[in-house]
Amino acid sequence: MDFVGFSLRNNLFVAPMAGVTDRPFRQLCKKMGAGLAVSEMVTSNSLLYGSAKTKRRANHDGEAEPISVQIAGAVPSMMADAARYNVDRGAQIIDINMGCPAKKICNVMAGSALLKDESLVGRILEAVVNAVPGTPVTLKIRTGWDQSSRNALSILKIAEHSGIRALALHGRTRACGYTGKAEYETIAMVKQVAAIPIIANGDINTPEMARHVLEITGADALMVGRAAQGRPWLFREIEHFLKTGAHLLPPRVSEIHAILLAHLEDLYDFYGIETGVCVARKHISWYTRGLADSAAFRHKMNRLPDVIQQQQAVNDFFCSLAENSERLNYIQMDQNNNLEELAA
């Protein structure tokens, strides 16, 4: 896919997710079939530029290009500064967050709260685009604030006028959070009148769903978020299905075992041992959900205090799986084809 001046492997994007799409996860998703991976949010508050968290989020050492960094905030001048700050540190695409529904973001009038103030939206977009004239700027939004104020079409026009190069649209309002079903009809309506690429986001969790969303929205690309947590190979499965109409076999247990161990090593290296062990717990939980005996494993694993015990627990669990099946075998799905947690 040709996207804002870059040639991508395909039109499958990793959605920016706070606390998830760190550099190790983005690199892994790109290796496993994603054409683009957008970073988790980087604050526009310059007072936090020196924090360990912000420095990590602006660390792109060894990351496959193009490097897309999402910034969040509500003050045009600060957002402009944040764009320049991240471009100076390797960002090749700046993405603006106007889609996050989290209360702590919306309470400071950032994220999807900005959809309430279209004038401010325009000022922010123009400030960022003008701040980094040599760098493409993209935007991520929701369909509106709530069901009575869907204004995605208005935001599209503001974005195009401001020089935004592409728009990612999550098919829910801010009020919906992550409940209900994505409004693909709204995405289709926006795509019909858009002069810039439109990326569809929301409930894309299987290869069949990916094809369905492309067909009914006409979107230029797809953005996958929560479904890729613990399942980064979903991108290659979707890629293969869209090309051939056939499914790949489930991955071998031995392959995912090795992928997870490598992911853990990247997390320990990126965050340091103590924080890395804590961050690794949620990823291990995501990798193992829906697999036989995984609830008991997670209960035990989440209490292990160090790298050696954590890695040994992972080894024991996957060796046990391999004794029963060569390939991953999920034992329960929910009504939306998401892997279900089987127990606490």
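Student: Teacher, can you tell me more about the sheet that holds strand E3 (residues 12-14) here?
Tutor: Strand pairing in a sheet relies on backbone hydrogen bonds, with the paired strands running either antiparallel or parallel. With respect to topology, 9 strands assemble into an open sheet ordered E4-E3-E11-E10-E9-E8-E7-E6-E5, the strand pairing being parallel. Every other strand in the sheet has two partners, leaving strand E4 (36-37) and strand E5 (42-43) as the edge strands with one partner each. Pairing of strand E10 (residues 198-201) with strand E11 (residues 221-224) involves 3 bridges; the strand directions are parallel. Across the sheet, the residue bridging to Ile 199 is Ala 221, located in E11. Relative to the sheet, helix H5 (residues 118-131) contacts strand E6 (68-72), strand E7 (93-98) and strand E8 (137-142), its axis offset from that of E7 by approximately 165 degrees. Along the sheet, helix H9 (residues 234-244) contacts E3 and E11; its crossing angle with E3, the most-contacted strand, is approximately 165 degrees.

Student: Quick question: what am I supposed to make of the confidence of the model for the protein here?
Tutor: Low pLDDT marks stretches whose predicted atomic positions should not be read closely. Considering every residue of the protein, the mean pLDDT works out to 91; 92% of them sit at 70 or more. Long-range and interchain partners of residues 339-344, a stretch whose pLDDT sits below 50, account for 18 contacts in this model, where long-range means more than four residues apart.

Student: I keep staring at helix H10 (residues 253-271) and nothing clicks. Help me out?
Tutor: The α-helix winds at 3.6 residues per turn, so residues separated by three or four positions along the chain end up facing the same way. In this model H10 runs 27 Å from its N-terminal to its C-terminal C-alpha over 19 residues, within 8% of the 27 Å that 1.5 Å per residue would give. Residues of H10 that are buried include every one of Val 253, Ile 256, His 257, Ile 259, Leu 260, His 263, Leu 264, Leu 267, Tyr 268, Phe 270 and Tyr 271, and no others. Looking at the buried positions of H10, the neighbouring elements they touch are helix H1 (23-31), helix H2 (52-57), helix H11 (273-288) and helix H13 (307-324). Two residues or fewer past H10, Gly 272 is found with a positive phi of approximately 90 degrees.

Student: Where do I start with H9 in this structure?
Tutor: Buried within H9 we find Leu 234, Phe 235, Glu 237, Ile 238, Glu 239 and Phe 241. Considering only its buried residues, H9 is in contact with E3, H1, helix H8 (207-217) and E11. Looking one or two residues past H9, Gly 245 carries a phi angle of roughly 75 degrees, positive in sign.

Student: Looking at this model, I keep getting lost on the nonpolar core. Mind explaining?
Tutor: Generally speaking, nonpolar side chains in soluble globular proteins are found buried as a group. Within the largest apolar cluster, 60 residues are counted, with the highest numbers of intra-cluster contacts made by Ile 96, Met 98, Leu 125, Val 128, Leu 139, Ile 141 and Ile 164. By residue number, the principal contributor to this core is H5, which donates 6 residues. In this view, Leu 125 contacts Ile 96, Met 98, Leu 139, Ile 158, Ala 159, Ser 162 and Ile 164; residues no more than four positions away in its chain are not counted. Formed by 28 residues, the second largest nonpolar core is a distinct cluster that contains Ile 256, Leu 267, Val 277 and Ala 280.

Student: Whenever I open this one, the packing of aromatic side chains confuses me. Can you help?
Tutor: The way to describe two aromatic rings as a pair is by their centre distance and the angle between their planes. For the structure shown, the criterion picks out 5 aromatic pairs. Between Phe 297 and Phe 317, the aromatic rings sit 4.5 Å apart at their centres with planes inclined by 25 degrees, giving stacked as the arrangement. Here Phe 297 is found in helix H12 (residues 294-301), whereas its partner Phe 317 is found in helix H13, with 20 residues between them in sequence. Geometrically, the ring pair formed by Phe 317 and Phe 318 is edge-to-face, given 5.5 Å between the ring centres and 85 degrees between the ring planes. For Phe 317, a relative accessible area of 8% translates into the label buried. A residue is classified by how much of its surface remains accessible, and Phe 318, at 1% relative accessible area, is buried.

Student: Just checking my understanding: could you explain a nonpolar patch on the surface for this structure?
Tutor: Together, Leu 153, Met 189 and Val 193 give the surface a local cluster of nonpolar side chains, amounting to about 230 Å² of exposed area. Position of Val 193 among the secondary structure elements: in helix H7 (residues 184-193).

Student: Explain the pattern of salt bridges to me, please; I cannot follow it from the model alone.
Tutor: If charged atoms from side chains of opposite charge come close, those side chains can pair. A complete count under the given rule lists 13 salt bridges for this structure. The partner of Glu 255 in a salt bridge is Arg 236, and the shortest N-O contact between them spans 2.8 Å. In this pair, Glu 255 sits in helix H10 while Arg 236 sits in helix H9, placing the two residues 19 residues apart along the sequence. A relative accessible area of 24% places Arg 236 in the partly exposed class. Salt bridges here are not isolated pairs; linked through shared partners, they connect Arg 9, Glu 239 and Lys 243.

What counts and how
- Residues numbered from 1 in each chain as written.
- Predicted model: local features only at pLDDT ≥ 70, side-chain atom pairs only at ≥ 80, totals over all residues.
- Heavy atoms only, no water.
- Pairing = 2+ DSSP bridges.
- Helix = DSSP H or I, 4+ residues; strand = E, 2+ residues; numbered from the N terminus.
- Contact = heavy atoms within 4.5 Å.
- Axes fitted to C-alpha atoms, helices over the stretch in contact; angles between N-to-C directions.
- pLDDT = per-residue confidence, 0-100.
- Expected span 1.5 Å × (residues − 1).
- Buried < 20%, exposed > 50% of the residue type's maximum accessible area, 1.4 Å probe, protein only.
- Core = buried A, V, L, I, M, F, W, Y, C linked by side-chain atoms within 4.5 Å.
- Phe/Tyr/Trp six-rings, centres within 6.5 Å; stacked < 30°, edge-to-face > 60°.
- Patch = residues over 30% accessible without salt bridge, like charges linked within 9 Å, V, L, I, M, F, W, Y side chains within 5 Å.
- Areas by Shrake-Rupley, 256 points an atom, 1.4 Å probe, with all protein chains shown as cover.
- Salt bridge = Lys/Arg side-chain N within 4 Å of Asp/Glu carboxyl O.

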